[in-house]
Amino acid sequence: MTAAIATEGLTKSYGSVKALDNVSLNIEPGELFGLIGPDGAGKSTLHRILATLLKPDAGKAAVLGLDVVRYYSQLRDRIGYMPERFSLYHDMTVMENLRFFASLFGVNIADSYPLIAPVFRQLSKFPDRMAGKLSGGMKQKLALSCALIHRPEILLLDEPTTGVDAVSRSEFWDMLGSLREKGITIVVSTSYMDEATRCGRIAVIDKGRVLAAGTPDALTRHMSGKLYNAVASDMFGLLTRLRKMPEITDCYTFGSTLHLITTGRFDPAGAIGYLKAEGIADARIYPATPGIEDIFIQLTRDD
Amino acid sequence: MIKDKSPYAITVCGLTKRFGSFTAVDHISFDVAQGEIFGFLGANGAGKTTAMRMLCGLSRPTSGSGMVAGYDIRTEPEAIKRHIGYMSQRFSLYEGLTAGENIKLFATVYGMTDSAIGRATDEICRRLDMADMLSTLVKEIPIGWKQKLAFAVSTIHRPGIVFLDEPTGGVDPVMRRRFWEEIYRVSSEGMTVFVTTHYLDEAEYCDRVSIMVDGRIAALDSPDALKIRYGAATMDEVFRTVARDATRNE
């Protein structure tokens with residue numbers, strides 16, 4: 001089976017900044033693949049190369065078996081791309097935007113409607129509203145509808161959930177799940193590490209490099225060092241005390257607890273004793289399950 | 001700079017903002033204590049930005065009243081602007097100026113003297129360990145440093161309260177946590193921190209959290225008390241429960 005997307009040694013620089021540094025990835029047909037990394041990691045550059053909008057300096061990228069530089073014009077009919085910034089026409093209505101994109105690709109809306117219906121349904125209540133007057137969440141749904149209008153085989157979504165609240169983000173991921181079931185290969189980038197669990201496989205990216213790739217479960221299983229939670233009423237005091245312990249290689253806040261990465265010599269009971277002597281009497285330390293954020297912190301710690 | 005002798009950095013009563021027939025902010029009332037880290041959460045479109053603009057003296061309330069940093073938001077908006085700090089993730093520093101020029105520009109806007117600016121610059125360099133970056137253009141500074149610099153600049157005039165609008169959006173997990181340690185540091189020095197975020201783990205780091213739904217404050221308490229009230233293990237669950245009832249079509 002040909003990979004839906006294959007890149008090899010992909011490299012791209014802007015002046016002295018290396019946006020992508022030797023990126024090799026394989027994405028299978030029908031995958032929901034996540035590019036997980038902070039701002040500046042290179043996610044948008046990778047998306048633009050895959051969308052045939054930018055040429056790499058070195059390396060190769062093939063989408064649906066076709067080289068993105070050579071076969072860009074064929075590929076554009078088969079790829080749907082949603083850039084990070086809202087790029088529809090603000091001074092055109094909801095329906096005008098949809099019709100415009102349909103005519104660019106030479107398709108009619110009725111043929112594509114079954115595919116976009118789950119995304120477009122809420123928007124269909126106000127077809128005559130200017131796109132610029134839509135709320136953030138509605139703009140996002142319209143942009144996704146337009147990216148899907150030509151029924152692409154590959155959907156490239158660049159940070160679709162940035163700045164979107166937790167409830168709307170969750171709904172958006174539900175929609176992606178149902179698009180995936182229709183057989184579309186989806187590549188989606190995000191800086192929200194918790195969204196990694198919504199993807200089949202992910203690549204963790206930082207400073208232009210792929211630090212790790214695999215299923216979220218496999219990545220967290222390979223975390224080195226045992227992970228513990230620690231809590232006390234004085235969390236900031238707890239943090240500064242624990243950072244002084246040599247058996248703790250890293251200690252950082254994690255929601256309502258602290259996460260401790262420990263060496264084999266770490267003994268929770270001993271740590272509780274030390275904290276008592278330091279004036280923190282109510283500390284509790286118990287095992288924790290690592291998440292993608294823990295993996296990211298570990299992978300970038302030595303930079 | 002802290003003119004405010006009241007125990008509250010913010011007191012707001014019945015604050016309302018209407019745009020035509022649309023009530024963006026609907027009679028919100030709350031207090032924020034001096035030195036508190038106050039998390040201001042809400043779904044998109046709930047009215048957070050509008051409320052924050054009124055608190056910062058950028059928008060006049062339709063009705064209701066409030067005091068921020070000791071000044072009246074209806075009659076003294078200019079005094080508020082001078083006595084608060086403000087940082088947003090979207091715009092905070094001029095990319096085409098150097099780090100040093102940004103520090104000087106903001107300090108000058110806040111009316112600081114040359115000698116005070118010199119001292120503040122030295123202090124920022126020492127605390128952020130970035131003396132060698134002073135003459136570097138901001139667009140060439142790594143994002144984590146840029147964000148810490150933006151925070152330092154937004155508090156250069158030692159305001160009693162700083163408003164942070166999604167300060168950590170898109171920032172990597174390590175830098176995000178370092179940023180919160182900076183928040184703890186200024187808070188321990190007595191500065192009030194008013195912060196919005198979409199990262200719900202960060203809500204856990206606040207002393208108290210309010211959640212806006214459809215223009216109103218639907219919940220306000222410490223993270224622990226909110227988790228107990230909604231029978232939730234995390235603030236993420238609390239947020240989902242509270243925001244689920246939103247009827248406003250974004």
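Residues numbered from 1 in each chain as written. Chains lettered and ligands numbered in written order. Predicted model: local features only at pLDDT ≥ 70, side-chain atom pairs only at ≥ 80, totals over all residues.

Outside of glycine, negative phi angles account for most residues, and trans bonds account for most peptide bonds. We note that Asn22(A) has phi near 60 degrees; this positive angle belongs to a residue other than glycine. Mapped onto the secondary structure, Asn22(A) falls in strand 2 (residues 17–27). Owing to 15 C-beta atoms within 10 Å, Asn22(A) belongs among the partly exposed residues under this scheme. Phi angles above zero are rare outside glycine, and Ala69(B) is one such case at about 55 degrees. (Helix = DSSP H or I, 4+ residues; strand = E, 2+ residues; numbered from the N terminus. Buried ≥ 20, exposed ≤ 12 C-beta atoms within 10 Å, placed from the backbone.)

Attention now moves to the sheet that holds strand 2 (residues 22–33) of chain B. All names here are of chain B. Strand order in the open sheet made by the four strands is 2-1-4-5, with antiparallel pairing throughout. Pairing within the sheet leaves two strands with one partner each, and these edge strands are strand 2 and strand 5 (71–72). Across two bridges, strand 4 (residues 63–68) lies against strand 5 in antiparallel orientation. Bridged to Met67 within strand 5 is Asp72. Sitting on the sheet, helix 1 (residues 48–55) touches strand 1 (8–19), strand 2 and strand 4, and the angle it makes with strand 1 is about 125 degrees. (Pairing = 2+ DSSP bridges. Contact = placed C-beta atoms within 7 Å. Axes fitted to C-alpha atoms, helices over the stretch in contact; angles between N-to-C directions.)

Looking now at the packing of helix 3 (residues 99–109) of chain B against helix 4 (residues 114–128) of chain B. All names here are of chain B. Relative orientation of the contacting elements helix 3 and helix 4 amounts to 135 degrees, with a least axis distance of 10 Å. Taken together, the axes of helix 3 and helix 4 are oblique relative to one another. In the packing of helix 3 onto helix 4, the handedness of the crossing is right-handed. For the pair helix 3 and helix 4, contact is made by Gly100, Ile103, Lys104 and Ala107 and by Ile117, Ala120, Thr121 and Ile124, respectively. (Parallel < 35°, antiparallel > 145°, perpendicular 65-115°, else oblique. Left-handed = near helix turned anticlockwise from the far one by under 90°.)

This part takes up the nonpolar core. Residues and elements named next belong to chain A. Counting 89 residues, the largest nonpolar core has Leu50 and Ile186 as its most contacted members. Each of domain 1 (5–220) and domain 2 (223–300) contributes no fewer than three residues to this core. If we skip the residues at most four places from it in the chain, Leu50 touches Ile5, Ala61, Val63, Val68, Leu156 and Val187. (Core = buried A, V, L, I, M, F, W, Y, C linked by C-beta atoms within 7 Å. Domains from an automatic or database assignment.)

A few words on the interface of chain B and chain A. Residue-level contacts link 26 residues of chain B with 27 residues of chain A. Put simply, the parts of the chain that give the side of chain B that touches chain A at least two residues each are helix 6 (173–188), helix 7 (200–203) and helix 9 (235–243) of chain B. It is helix 6 of chain B that provides the largest number of residues to the side of chain B that touches chain A, a total of five residues. A class-by-class count of the residues in the side of chain B that touches chain A yields 12 nonpolar, six polar and eight charged. (Nonpolar A, V, L, I, M, F, W, Y, C, P; charged D, E, K, R; others polar.)

Residues and elements named next belong to chain A. Along helix 3 (residues 94–104), the positions that sit buried rather than exposed are Val94, Asn97, Leu98 and Phe101. Around the axis of helix 3, the buried residues are gathered within 95 degrees of arc, so they sit on the same side. In this fold, the buried residues of helix 3 make contact with helix 4 (109–120) and helix 5 (136–148). At the exit of helix 3 stands Gly106, carrying a positive phi of roughly 65 degrees. (Arc of directions from axis to C-beta.)

The next point concerns the environment of Val119(A). All names here are of chain A. Mapping Val119 onto the fold places it in helix 4. Residue classification places Val119 among the buried positions, given that 22 C-beta atoms sit within 10 Å. For the pair formed by Val119 and Lys141, sequence separation is 22 residues and the distance between their alpha carbons is 6.0 Å. When neighbours within four sequence positions are excluded, Val119 is seen to be in contact with Lys141, Leu144, Ser145, Leu148 and Met175.

Let us look at the sheet that holds strand 6 (residues 79–82) of chain A. Residue and element names in this part refer to chain A. The strand order 6-7-8-3-9-10 describes an open sheet built from six strands, whose pairing is mixed. With one partner strand each, in any of the chains shown, strand 6 and strand 10 (209–214) form the two edges of the open sheet. Taken over all neighbouring pairs, the strand axes of this sheet differ in orientation by 15 degrees on average, direction set aside. Of the pairings in the sheet, the one linking strand 6 to strand 7 (residues 154–157) comprises four bridges and is parallel in character. Across the sheet, residue Gly80 finds its bridge partner in strand 7, namely Leu155. Most of the contacts of helix 5 go to strand 6, to which it runs at about 160 degrees, and overall it touches strand 6 and strand 7. Against the sheet, helix 6 (residues 166–181) touches strand 3 (32–36), strand 7 and strand 8 (185–190), its axis set at about 155 degrees to strand 8.

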